[in-house]
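# Coordinates in review
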Amino acid sequence: MNTRVLSDQVLLNNYLSGDRAAISQLIDRHTHRVRDYIRMMVKDRDVADDILQETFIKAVRVIDEGRYADTGKFLSWILRIAHNQVIDHFRSQKNAKTVSESDAGYNMLGTLRFAERTVEDAMITSQIEEDVRRLVDRLPDEQREVVIMRYYSGLSFQEIADQTDVSINTALGRMRYALINLRKMVKENNLILS
């Protein structure tokens with residue numbers, strides 16, 4: 001039995017050469033990290049699973065259409081698709097403007113929640129996360145990519161450097177400038193993040 005691990009590029013080439021199982025291996029390899037990123041962003045397991053499925057469907061469609069240009073950064077590319085799917089989800093939610101019973105402070109039995117402090121904390125945390133996401137989206141592409149890979153995907157700076165094909169010092173520098181820019185935007189927008 002061959003236990004050698006194939007690279008993302010080899011799996012992509014195998015898939016494009018007709019090996020349909022290769023795409024399943026590639027998806028399986030990255031599902032955990034992409035799912036964790038999406039769940040962290042949307043805070044809803046069912047919604048996250050839907051977005052995960054949409055992400056991989058879109059990725060396979062792009063690959064099938066021959067529009068994927070391999071740069072050796074498949075995980076970064078798939079995380080970018082996931083990020084865009086999350087943004088699309090939040091935009092659609094914003095446009096829907098519906099309020100559920102639970103959002104209004106009632107449970108299924110129509111009684112007020114007893115743990116008001118917990119609800120308040122959750123609302124504040126949710127608002128802070130939403131504000132930070134909006135600020136991160138306003139960063140220059142290279143800085144935004146490093147922030148997403150570091151904080152949302154949990155990659156080390158060495159992994160970020162490898163995936164973005166830059167030195168570790170460049171990756172660290174991009175993070176430094178991203179944090180400077182985020183602090184500046186927080187101050188300009190009078191946001192309170194605590």
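All values derive from a computational prediction rather than experimental measurement.

Here the focus is the overall build of the protein chain. Secondary structure summary: the protein chain contains eight helices and zero strands in total. Reading the helices (α) and strands (β) of the protein chain from amino to carboxyl end gives α-α-α-α-α-α-α-α. Taken across its 194 residues, the protein chain has 35% of its residues classed as buried. Pairs at least 24 apart in sequence give 56% of the contacts found in the protein chain among residues at least 6 apart. Counting only carbon and sulfur atoms, one obtains 51% of the accessible surface of the protein chain, whose full area is about 12600 Å².

On the surface, Asp 44, Asp 46, Asp 50 and Glu 54 cluster together into a patch of negative charge. Within the secondary structure, Glu 54 sits in helix α3 (residues 45–64). A residue is classified by how much of its surface remains accessible, and Glu 54, at 42% relative accessible area, is partly exposed.

Attention now moves to the packing of helix α6 (residues 141–152) against helix α8 (residues 168–188). Two elements in contact, α6 and α8, have axes whose closest approach is 8 Å; the angle formed by their N-to-C orientations is 100°. By the criterion of interaxial angle, the relationship of α6 to α8 is roughly perpendicular. In contact with Glu 142, Gln 143, Val 146, Val 147, Arg 150 and Tyr 151 of α6, α8 contributes Ala 171, Arg 174, Met 175, Tyr 177, Ala 178 and Asn 181. Partitioning the contact of α6 with α8 into residue classes produces seven nonpolar, two polar and three charged.

This part takes up the nonpolar core. Judged by nonpolar contacts, the single largest core of 47 residues is most densely connected at Val 34, Tyr 37, Ile 38, Ile 63, Phe 74, Trp 77 and Ile 78. Put simply, the parts of the chain that give this core at least two residues each are α1 (8–16), α2 (20–42), α3, α4 (74–96), α5 (116–137), α6, α7 (157–164) and α8. Apart from the residues within four sequence positions on either side, Tyr 37 is in contact with Leu 79, Ala 82, His 83, Ile 148, Tyr 152 and Ser 153.

All right, on to the side chain of Ser 153 then. Take Ser 153: it is sitting in the loop between α6 and α7. A relative accessible area of 9% means that Ser 153 is categorised as buried. Those residues within four positions of Ser 153 in sequence are excluded, and the remaining contacts are Arg 33, Tyr 37, Leu 79 and Ile 148.

In this section: the pattern of salt bridges. Going through the model one piece at a time under the given rule, you end up with ten salt bridges. Note that Arg 67 is salt-bridged to Glu 65, the shortest N-O span being 2.7 Å. Note on Glu 65: relative accessible area 47%, which makes it partly exposed. Of the charged contacts, one joins Arg 80 and Glu 145 as a salt bridge, the two residues approaching to 2.8 Å between their closest N and O atoms.

Below, the discussion takes up the confidence of the model for the protein chain. The share of residues in the protein chain with pLDDT of 70 or more is 81%, and the mean pLDDT across the chain is 80. For the protein chain, α5 is the element with the lowest average pLDDT, namely 72, and α3 is the one with the highest, namely 91. A low-confidence stretch, residues 104–117 stays under pLDDT 50, and its non-local contacts, those more than four residues away or across chains, total eleven contacts.

Backbone geometry at Lys 43 places phi at a positive 60°, although glycine is not the residue there. Secondary-structure assignment places Lys 43 in the loop between α2 and α3. Its identity is not glycine, yet Asp 165 carries a phi of approximately 60°, on the positive side. Within the fold, Asp 165 resides in the loop between α7 and α8. Exposure remark for Asp 165: the relative accessible area of 66% places this residue in the exposed category.

Our focus in this paragraph is α7. Within the span of α7, buried status applies to Phe 157, Ile 160, Ala 161, Gln 163 and Thr 164. The first or second residue beyond α7 is Asp 165, which carries a positive phi of 60°.

Rules behind the numbers
- Residues numbered from 1 in each chain as written.
- Predicted model: local features only at pLDDT ≥ 70, side-chain atom pairs only at ≥ 80, totals over all residues.
- Heavy atoms only, no water.
- Helix = DSSP H or I, 4+ residues; strand = E, 2+ residues; numbered from the N terminus.
- Buried < 20%, exposed > 50% of the residue type's maximum accessible area, 1.4 Å probe, protein only.
- Contact = heavy atoms within 4.5 Å.
- Areas by Shrake-Rupley, 256 points an atom, 1.4 Å probe, with all protein chains shown as cover.
- Patch = residues over 30% accessible without salt bridge, like charges linked within 9 Å, V, L, I, M, F, W, Y side chains within 5 Å.
- Salt bridge = Lys/Arg side-chain N within 4 Å of Asp/Glu carboxyl O.
- Lys, Arg positive; Asp, Glu negative; His and termini not counted.
- Charge placed at Lys NZ, Arg CZ, Asp CG, Glu CD.
- Axes fitted to C-alpha atoms, helices over the stretch in contact; angles between N-to-C directions.
- Parallel < 35°, antiparallel > 145°, perpendicular 65-115°, else oblique.
- Nonpolar A, V, L, I, M, F, W, Y, C, P; charged D, E, K, R; others polar.
- Core = buried A, V, L, I, M, F, W, Y, C linked by side-chain atoms within 4.5 Å.
- pLDDT = per-residue confidence, 0-100.

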